[in-house]
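Listed here are the chains, written in short residue letters.
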Amino acid sequence: FNRTGSSPLTFILTGIPGLSMSSYWTALPFCCLYLLMLLGNCTLLWMIKTDHSLHTPMYYFLSMLAMADLGLSLSTLPTMLAIFWFESTSLHFEACIVQMYFIHSFSVIESGVLVAMAFDRFVAICYPLHYASVLMSSLIMKAGGAIFMRGICVVLPAAILIKKMTFCGSHVLSHSFCLHQDVLRLVCGDVRVNSLYGLTAVLFTKGLDSLTILLSYTMIIRAILNIVSQEARAKAFSTCISHLCAVLIFYIPLIGLSIIHRFGKHLPPLTHTLLADAYLLVPPVLNPLVYSWKTKQIRRRILILLCRR
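Numbering of residues starts from 1 in every chain and runs along the sequence as written. The predicted origin of the model limits local features to residues at a pLDDT of at least 70 and limits the giving and counting of side-chain atom pairs to 80 or more, whereas totals for whole chains, interfaces and linings rest on all residues. The basis for every side-chain value is the complete set of heavy atoms in the structure, and neither hydrogens nor water enter the calculation.

A side-chain nitrogen of Lys or Arg and a carboxyl oxygen of Asp or Glu constitute a salt bridge if their distance falls within 4 Å. Using the criterion set out here, one finds 4 salt bridges in the structure. A salt bridge links Asp 120 to Arg 121; the nearest nitrogen and oxygen atoms lie 2.8 Å apart. Given the relative accessible area of 8%, Arg 121 is considered buried. Arg 192 serves as the salt-bridge partner of Asp 190, at 2.9 Å between the closest nitrogen and oxygen. The buried label goes to any residue with under 20% of its type's maximum accessible area, the exposed label to any with over 50%, and the partly exposed label to all in between, with areas taken from a 1.4 Å probe on protein chains only.

Quick look at the state of the cysteines now. Two cysteine sulfur atoms form a disulfide, by the criterion used here, when they sit within 2.5 Å. All chains considered together, the criterion is met by 1 disulfide. The closest cysteine sulfur to the non-disulfide-bonded Cys 32 is located on Cys 31, 7.0 Å from its own sulfur. You can call Cys 32 partly exposed: its relative accessible area is 43%.

The next point concerns the UniProt feature "transmembrane region" (unreviewed entry) in the protein. The sites that carry the UniProt feature "transmembrane region" (unreviewed entry) are, in the present numbering, residues 27-48, 60-86, 98-119, 139-162, 240-260 and 272-291. Within residues 98-119, the helical portion is 100% and the strand portion 0%, while the C-alpha atoms at the span's ends are 32 Å from each other. Counting from the N terminus, the helices are DSSP H or I runs at least four residues long and the strands are E runs at least two residues long. Helix makes up 100% of residues 272-291 and strand 0%, with an end-to-end C-alpha separation of 29 Å. UniProt positions are given in the numbering used here, feature names are shortened, and annotations may be inferred rather than shown by experiment.

Moving on, we come to the layout of surface pockets. The calculated volume of the largest pocket comes to roughly 1,300 Å³. Detection works on a 1 Å grid of protein atoms alone, calling trapped sets that fit a 1.4 Å probe cavities and calling open sets with protein on both sides within 12 Å along at least five of seven lines pockets, with lining residues defined by an atom within 4 Å of a point. Lining the largest pocket are 48 residues; nearest its centre among them are Gln 181, Val 202, Ser 258, His 261 and Arg 262. When residues of the lining of the largest pocket are traced back to their parent elements, those giving at least two are α3 (93-126), α5 (137-163), α6 (180-184), α7 (192-225), α8 (230-263) and α9 (269-294). At 16 residues, α7 tops the list of elements feeding residues into the lining of the largest pocket. Charged residues are taken to be Asp, Glu, Lys and Arg, nonpolar residues to be Ala, Val, Leu, Ile, Met, Phe, Trp, Tyr, Cys and Pro, and polar residues to be all remaining types, Gly included. Of the residues that constitute the lining of the largest pocket, the class distribution is 29 nonpolar, 14 polar and 5 charged. By volume, the second largest pocket is sized at about 530 Å³. Looking at the second largest pocket, it is lined by 18 residues, and the ones nearest its centre are Lys 235, Ser 238, Thr 239, Lys 296 and Gln 297. Grid points are joined across faces, edges and corners, and a volume is the space filled by probe spheres set on the points.

Once that is clear, we can look at the packing of aromatic side chains. Here is the rule: rings of Phe, Tyr and Trp (six-membered ring for Trp) pair when centre to centre is within 6.5 Å. Planes less than 30 degrees apart are stacked, more than 60 are edge-to-face, and the remainder are tilted. Following the criterion strictly, the structure yields 9 aromatic pairs and no others. Aromatic side chains Phe 11 and Phe 93 sit 5.9 Å apart centroid to centroid with 55 degrees between the ring planes, which places their arrangement in the tilted category. Of this pair, Phe 11 sits in strand β1 (residues 10-12) while Phe 93 sits in helix α3, and the two are 82 residues apart along the sequence. Comparing Phe 11 with Phe 93, the two get one shared label, buried. Aromatic side chains Phe 119 and Phe 122 sit 6.4 Å apart centroid to centroid with 35 degrees between the ring planes, which places their arrangement in the tilted category. Of this pair, Phe 119 and Phe 122 both sit in helix α3, separated by 3 residues, roughly a single helical turn. Ring pairs connect the aromatic residues Phe 11, Phe 93 and Phe 167, which therefore count as one cluster.

The next subject is α7. Spanning 34 residues, α7 covers 47 Å between terminal C-alpha atoms, matching the ideal 50 Å at 1.5 Å per step. In α7, a bend of some 30 degrees at Leu 203 exceeds every other bend along the element. Every buried residue belonging to α7 is among Asn 194, Gly 198, Ala 201, Thr 205, Lys 206, Asp 209, Ile 213, Ser 216, Tyr 217, Ile 220, Ala 223 and Ile 224, and all of these are buried. The criterion used for residue contact is that any of the two residues' heavy atoms lie within 4.5 Å. Packed against the buried residues of α7 are α3, α5, α6, α8 and α9. Here, expected helix span is obtained from the residue count minus one, scaled by 1.5 Å. Take the seven residues that end at a residue and the seven that start at it, fit an axis to each, and the angle between those axes is the bend at that residue.

So, about the packing of α3 against α9. Comment: axis = line fitted to C-alpha atoms, over the contacting stretch for helices; angle = value between 0 and 180 degrees taken between N-to-C directions. Where α3 meets α9, the axes come as close as 12 Å, and the angle between the chain directions of the two elements is 35 degrees. Where α3 crosses over α9, the two elements pack in a sense that is left-handed. In this structure, α3 uses Ile 103, Ser 107, Glu 110 and Met 117 to contact α9, whose residues at the interface are Tyr 279, Leu 280, Pro 283, Asn 287 and Tyr 291. Left-handed describes a crossing whose near helix is turned anticlockwise from the far helix by less than a right angle; the clockwise case is right-handed.

Quick look at empty space enclosed by the protein now. One simple way to see leftover space: roll a probe sized like a water molecule over the atoms. Tallying each qualifying case throughout the model produces 3 cavities of 30 Å³ or more. Its boundaries defined by the atoms lining it, the largest cavity holds a volume of some 60 Å³. The wall of the largest cavity is formed by Met 58, Met 117, Asp 120, Arg 121, Thr 239, Ser 242, His 243 and Tyr 291. Elements with a minimum of two residues in the lining of the largest cavity: α3 and α8.

Written as structure tokens, this is what we have:
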């Protein structure tokens, strides 16, 4: 089954194994998650844009995180709705490659934003007197541009390489959306170059990012422990809790999904599906909730808006 035949190559997406796709009770939770994601991230972006007290480096990076979350969720939205609302499981090869590209690009962008936010907390706690002079608007704009360009460029070769592949045999994917490692599984032929590039890209983006975040927090913890006042320690650490939650929410499902893709072929399909859904859907939903709950300025702004209503 390849692209040289009379009909275009079409993949078959998988819903949730063991659950009927025709049930609206299956579709309803996903719709609620997407609505909550849109509401939370759009509200964050609106508040940061309209409230001048939030025009600081920390909230500029938070707005980048919200944009990455929106992009990541909207990349999966078309196929998820098509499967669970309209029971349409077929997806053309070109559309699958485009979706795969955007999913992985926004995932790399989100990882880069989390590194930038870790650097922001590192400077704020370890070098508070130099915070304003280091994190100037020009540096934030350059960092944001570099993060987005890295996400756009690093995934492009993977999409080009897989577009040239020939597919035969089964054309059923394991998820409700297209992921690189899942599409690569259906290629008939030598995939060593594709696999090597995919592994290298992951190591030099998310692998390097996670090590950078770990190093940043090692130095942050050392700086906090050197603070004499217990109250000042607690206050310094509280400014990092939201970011730490965002890091854990993003990296734990990512690491779990990578492990079961490599070593968990014997696990039931439901495990793969739920972990992939958690990796792509949970961070965009929880990040706005975490920052709204743990960040005093955002919480106060929300309370003011509610009181006005």
